[in-house]
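Observations on the model geometry
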Amino acid sequence: MREIPTAIEIPRSLLDKIYVQSREEFPNECCGWLLGNKGQHLAIAARACVNAQSSGRHPTAPQRGAETAYVIDGEDLLALNDSFDSDLPA
């Protein structure tokens, strides 16, 4: 039987920060991830990422602009990967 995922609680103050980031990035695409303590279902921080699409580094569609495409920056990808072994995994 397939396990049903548990919902993650996102505090209003954290959502507000995410909304601010999205407004600042508009009209470009934006991305990031949530962090929280292992074993808990509460987001306690958010990490914004760099949209590398604006530099034309999309692996399959470099002609697309940052307003219609998103490529997570390499440093952000490494940080995301490293977070899985930390006290605050993404």
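In this report, the structure presented in the accompanying data block is examined. In this text the structure is predicted, and so the values were computed from the model without any measurement.

Within the chain, the regular secondary structure consists of two helices and two strands. Listed by position from the N terminus, the elements making up the chain come as α-β-β-α. Dimensions of the chain along its principal axes, counting C-alpha atoms only, are 40 × 30 × 25 Å. Burial status across the chain gives 21% buried among its 90 residues. Residue pairs in contact within the chain that sit at least 24 positions apart in sequence constitute 48% of those at least 6 positions apart. Summed over all atoms, the accessible surface of the chain reaches about 6600 Å², with 55% contributed by carbon and sulfur.

The subject of this paragraph is the pattern of salt bridges. Inspection of every chain in the model, using the stated rule, returns two salt bridges. Between D16 and R12 there is a salt bridge, with the nearest N and O atoms lying 3.1 Å from each other. Taken as a pair, D16 and R12 lie in helix α1 (residues 12-25) at a separation of four residues, close to a single helical turn. Of the residues examined, R12 reaches a relative accessible area of 54% and is grouped as exposed.

On to unusual backbone geometry, then. In this structure, the amide linkage connecting F26 to the following residue, P27, adopts the cis form with an omega of 15°. Relative to the elements of secondary structure, P27 occurs in the loop between α1 and β1 (32-35).

How each quantity is defined
Residues numbered from 1 in each chain as written. Predicted model: local features only at pLDDT ≥ 70, side-chain atom pairs only at ≥ 80, totals over all residues. Heavy atoms only, no water. Helix = DSSP H or I, 4+ residues; strand = E, 2+ residues; numbered from the N terminus. Buried < 20%, exposed > 50% of the residue type's maximum accessible area, 1.4 Å probe, protein only. Contact = heavy atoms within 4.5 Å. Areas by Shrake-Rupley, 256 points an atom, 1.4 Å probe, with all protein chains shown as cover. Salt bridge = Lys/Arg side-chain N within 4 Å of Asp/Glu carboxyl O.

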